[in-house]
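This is what each chain is made of:
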Amino acid sequence: MASSSDKKPPVAKKVKHEMKMFDDVRVDNYYWLRDDSRSDPDMLHYLNQENAYTDYIMSGTKNLEDQIYAEIRGRIKEADISAPLRKGPYYYYERTLEGKEYKQHCRRLVQNAGSVPSVLDVMPTGPEAPPEHVILDENEKAKNHVYYSIGAFKVSPNHKLVAYAEDTKGNEIYTIHVMDAETRSPVGEPLVGVTDYFEWVGDEALVYITMDEILRPYKVWFHKLGTNQSADSCLYHEKDDMFSLDLEASESKKYLFVGSESKTTRSIFYLDISKPENGLMVLTPRSEGIDTSVSHRGNHFFIKRRSDETYNSELLACPLDDVNAITTLIPHRDSVKIQDVILFSDHLVVYEREKGLPRVTFYSLPAIDEPLQSLQGGQAVEFVDPVYSVDPAESQFSSSILRFYYSSLRTPPSTYDYDMNTGVSVLKKIETVLGGFDASNYVTKREWAIAQDGTQVPISIVYRKDLVKLDGSDPMLLYGYGSYEVCVDPSFKSSRLSLLDRGFTFAIAHIRGGGEMGRKWYENGKYLQKKNTFTDFIDCAEYLIEKKYCTKDKLCINGGSAGGLLIGAVLNMRPDLFKAAVTRVPFVDVVTTMLDPTIPLTTAEWEVFHAPFFESTTLNRIMLFTRSGKMSS
């Protein structure tokens, strides 16, 4: 067989392309590769050359690729169901079938619907149990489409109707269908050209959101079932192209909340579901740099609020009839970040972060007619792994049962029900991993690298204890992201076992620019401090080498999108440090991309790249020009 050196990689031609803006000229010799129509013959020919060269270089690994693919497929249990969730008179769940690509959305009647829900409840499935009803079979819906995805599936409050958002092209532009949950017959005409943000308003109406030409969610609509979409009323139009809209229902199902947010600012409108004719009301007015999200229980709105001073967020409450009468329930803390708040009729649950790890803390609430003051006696849910991931799952407002998702680098995705009255925790579902997987074969741990400025940077690690020797001879894959305040928490992937079972160590560098250590962790990895993201990653790599997890000749790195920018930067800064690198959809053409407001979602990113103290940049000037309609310098 010919060696890889016998064939040279294709070289893209250079075509001078000048871009003039604000008395500045930039030349991009590869701008010709941009083709929004994906049809330019020169561009397609070059990509085909790249793909052919890749196939040639990788031809020697074809058997290994096939083997790994078979391993990954062999770990998947195709016939399975999700953990049933009791809602009203039904258990709701999703089912996957052997040999089928898509899910079925199912429900089954609760035999004793009048009983108080318990973490010990188990949905009966035997011959004496109520029959399963398949509300929607995605496999049937997908038959006539090359692409098929359901973005949201929501049952009406009376459980008689279902609305679901369907995408058949992959462009995330949805069609909302409403149907009878029992007969599956359609109700009214579908809503076309919408997002998958929608909520029920009682049993006979929907509120939904549409997008503009650059795919920015910007209008909120009210739709009465049985009427034409053209007759729908617009509840709000967000005209600032740096702000996008989202929509959610309160846990109590008494209010809808519409958020209008940029990358630094978020305000909230609310709709009283019992009085939809009143339209949207302002709850938290827009104020630059203030970020709010809202929940409801009883006589109060609960507001999570972040500002420059309360950068890790505080939790406030106000009466429904006086949104200015604010009570602080959980004050701001320098070392603990509030990520999410979930309300129950008698409890409040806070998803927090401290020392790089998520935490779940719950509080008992006073009766609705009693004064609501600062919260006391919060209790934390205990977790067993040293590093892990935990996320909210849908729970029922009127119960004391908290449902959450849990996993770690060695623990498959798990669904737990936790009784906040008794402290009893029950595992309701753990993802089955076929192929002889045994979690006890793997070790997970947390290490801390010391950055150049003395900052401690957390690293999450997993390896197979009977294969890894920790003497520097083992190969390692180091992953990083470090952008947008995203928390890359250590979670399980069954496909990763093919790497671990070959003696690799896998590690995640939780570098600045992400959100793992709180808001300041993000702010210290953006704007003029973005370089910290790259040097943190390099420092983590050097620490792992020093601790004999690997050597330079055994260290591979991986990152995607903004993480691809990271990989490109560290390769240029320290090409000696890494043996191999994988960049997935790397975001490396930042200036040209961010100066083009016609690219979908770009305008919403301007605040991420604009530093208020760096006002001479072209990007800052174009942002000011776009927002004000006149030139500002």
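Residues numbered from 1 in each chain as written. Predicted model: local features only at pLDDT ≥ 70, side-chain atom pairs only at ≥ 80, totals over all residues. Heavy atoms only, no water.

- Per an unreviewed UniProt entry, the protein chain goes by the name Prolyl endopeptidase and belongs to Artemisia annua.

### As for the overall build of the protein chain
- For the protein chain, the count of helices and strands is 10 helices and 36 strands.
- By the compact-globule yardstick of 26 Å for 633 residues, the protein chain fits well, its C-alpha radius of gyration being 26 Å.
- By principal-axis analysis of the C-alpha atoms, the protein chain measures approximately 75 × 65 × 55 Å.
- When the 633 residues of the protein chain are sorted by exposure, 48% land in the buried category.
- A separation threshold of at least 6 residues defines the contact pool for the protein chain, and within that pool the share at least 24 residues apart is 50%.
- Carbon together with sulfur atoms contributes 51% to the accessible area of the protein chain, which is approximately 30800 Å² in total.
- Separation between the mean location of the 73 positive side-chain charges and that of the 90 negative ones in the protein chain comes to 3 Å. (Helix = DSSP H or I, 4+ residues; strand = E, 2+ residues; numbered from the N terminus. Rg over C-alpha atoms; globule rule 2.2 N^0.38 Å. Buried < 20%, exposed > 50% of the residue type's maximum accessible area, 1.4 Å probe, protein only. Contact = heavy atoms within 4.5 Å. Areas by Shrake-Rupley, 256 points an atom, 1.4 Å probe, with all protein chains shown as cover. Lys, Arg positive; Asp, Glu negative; His and termini not counted. Charge placed at Lys NZ, Arg CZ, Asp CG, Glu CD.)

### Notes on the domain arrangement of the protein chain
- Entries for the protein chain in the domain assignment read domain 1 (80-334) and domain 2 (438-588).
- Of note, the centres of domain 1 and domain 2, computed from C-alpha atoms alone, are 35 Å apart. (Domains from an automatic or database assignment.)

### Focus: the UniProt feature "domain: Peptidase S9 prolyl oligopeptidase catalytic" (unreviewed entry) in the protein chain
- Per the UniProt record, "domain: Peptidase S9 prolyl oligopeptidase catalytic" (unreviewed entry) is annotated on residues 491-609.
- Measuring from the first to the last C-alpha atom of residues 491-609 gives 29 Å, for a span that is 39% helix and 13% strand. (UniProt positions renumbered as here; feature names shortened; annotations may be inferred.)

### With respect to helix α7 (residues 562-573)
- Along its 12 residues, α7 runs 17 Å from first to last C-alpha, staying within 8% of the 16 Å computed at 1.5 Å per residue.
- Along α7, the residues that are buried comprise Ala-562, Gly-563, Gly-564, Leu-566, Ile-567, Ala-569 and Val-570.
- In the core, the buried residues of α7 are packed alongside β33 (476-480), α6 (531-546), β35 (555-560) and β36 (580-584). (Expected span 1.5 Å × (residues − 1).)

### A look at unusual backbone geometry
- In this structure, Phe-22 takes a positive phi of about 55° despite not being glycine.
- Among the structural elements, Phe-22 can be located in the loop between β1 (18-21) and β2 (24-27).
- We classify Phe-22 as partly exposed; its relative accessible area is 25%.
- The backbone phi angle of His-159 is positive, close to 65°, even though this residue is not glycine.
- With a relative accessible area of 14%, His-159 lands in the buried category.

### Looking at the UniProt feature "domain: Peptidase S9A N-terminal" (unreviewed entry) in the protein chain
- Listed under "domain: Peptidase S9A N-terminal" (unreviewed entry) in the UniProt record, and renumbered for this structure, are residues 9-428.
- The span residues 9-428 shows a helical share of 8% and a strand share of 42%, and its end C-alpha atoms are spaced 52 Å apart.

### Points about the sheet that holds strand β10 (residues 174-180)
- Read from one edge to the other, the open sheet built from 7 strands follows the order β8-β9-β10-β11-β12-β13-β14, with strand pairing classed as antiparallel. Of all strands in the sheet, those bounded by a partner on one side alone are β8 (149-155) and β14 (233-237). Looking at each pair of strands side by side, their axes are set apart by 35° on average, direction ignored.
- Relative to β14, strand β13 (residues 217-224) is paired through 4 bridges, and the arrangement is antiparallel. Bridging across to β14, Lys-219 finds its partner in His-237. (Pairing = 2+ DSSP bridges. Axes fitted to C-alpha atoms, helices over the stretch in contact; angles between N-to-C directions.)

### Looking at the sheet that holds strand β24 (residues 347-354)
- Strand order in the open sheet formed by 4 strands is β23-β24-β25-β26, and the pairing between neighbours is antiparallel. The open sheet has two edge strands with one neighbour each: β23 (336-343) and β26 (379-380).

### A look at the pairing of strand β16 (residues 255-261)
- With 6 of its 7 residues buried, β16 lies for the most part within the structure.
- In this structure, strand β15 (residues 244-249) lies alongside β16, joined through 6 bridges in antiparallel fashion. Pairing of Leu-247 across the sheet is with Val-258, part of β16.
- What sits between β15 and β16 in their antiparallel hairpin is a turn of 5 residues, with Lys-253 showing a positive phi close to 65°.
- In this antiparallel pair of consecutive strands, β16 and strand β17 (residues 266-272), the connection spans 4 residues.

### What about the packing of α6 against α7?
- One way to put it is that α6 packs onto α7 with a least axis distance of 9 Å and a crossing angle of 65°. With respect to their mutual orientation, α6 and α7 come out roughly perpendicular. Two packed elements cross with a definite hand, and for α6 against α7 that hand is right-handed. Facing α6, whose interface residues are Lys-531, Thr-533, Phe-534, Thr-535, Phe-537 and Ile-538, α7 presents Leu-565, Leu-566, Ile-567, Ala-569, Val-570 and Met-573.
- Residue classes in the contact of α6 with α7 are distributed as 9 nonpolar, 2 polar and 1 charged. (Parallel < 35°, antiparallel > 145°, perpendicular 65-115°, else oblique. Left-handed = near helix turned anticlockwise from the far one by under 90°. Nonpolar A, V, L, I, M, F, W, Y, C, P; charged D, E, K, R; others polar.)

### With respect to the nonpolar core
- Core analysis: the biggest nonpolar cluster contains 33 residues, and Val-349, Tyr-351, Val-360, Phe-383, Leu-402, Phe-404 and Phe-506 have the highest contact counts within it.
- Looking at this core, the elements that each hand over two or more residues are β24, β25 (357-364), β28 (401-407), β33, α4 (497-500) and β34 (505-509).
- Dropping the residues within four chain positions of it, Phe-383 is found in contact with Val-360, Tyr-388, Val-390, Phe-404 and Tyr-406.
- Counting 30 residues, the second largest nonpolar core, distinct from the first, contains Ile-459, Ala-507, Trp-521 and Cys-540. (Core = buried A, V, L, I, M, F, W, Y, C linked by side-chain atoms within 4.5 Å.)

### Brief notes about the side chain of Asp-246
- Looking at the secondary structure, you find Asp-246 in strand β15.
- Judged by relative accessible area, Asp-246 falls into the buried class, the value being 10%.
- Within polar-contact distance, the side chain of Asp-246 engages the side chain of Arg-266 at 2.6 Å.
- Setting aside residues up to four positions removed in sequence, Asp-246 forms contacts with Tyr-197, Ile-209, Phe-257, Val-258, Gly-259, Glu-261 and Arg-266. (Polar contact = N/O pair within 3.5 Å; in protein donor to acceptor, adjacent residues only side chain to side chain.)

### Here we look at the pattern of salt bridges
- Within the structure shown, the criterion is met by 43 salt bridges.
- Arg-502 is paired through a salt bridge with Glu-71; the nearest N and O atoms lie 2.9 Å apart. With Arg-502 in the loop between α4 and β34 and Glu-71 in helix α2 (residues 62-74), the pair connects residues that are 431 residues apart, well separated along the chain.
- Residue classification places Arg-502 among the partly exposed positions, given a relative accessible area of 35%.
- We note a salt bridge from Glu-261 to Arg-266, for which the minimum N-O separation is 3.7 Å.
- Looking at Glu-261, the relative accessible area reads 31%, which means it is partly exposed.
- One continuous salt-bridge network, built from bridges that share partners, spans Lys-337, Glu-485, Arg-519, Lys-520 and Glu-523. (Salt bridge = Lys/Arg side-chain N within 4 Å of Asp/Glu carboxyl O.)

### Digging into the packing of aromatic side chains
- The final tally for this structure, using the stated rule, is 19 aromatic pairs.
- Ring geometry for Trp-32 against Tyr-46: centres 6.4 Å apart, planes inclined by 70°, an arrangement best described as edge-to-face. Highlighted residues: Trp-32 in the loop between β2 and α1 (41-57) and Tyr-46 in helix α1, separated in sequence by 14 residues. Per residue, the accessibility class of Trp-32 equals that of Tyr-46, and both read buried.
- Aromatic ring contacts, followed pair by pair, group Phe-383, Tyr-388, Phe-404, Tyr-406 and Tyr-416 into a single cluster.
- Positioned over the ring face of Tyr-527 is Lys-526, at 4.4 Å from the centre of the ring. (Phe/Tyr/Trp six-rings, centres within 6.5 Å; stacked < 30°, edge-to-face > 60°. Lys NZ or Arg CZ within 6 Å of the ring centre and 35° of its normal.)

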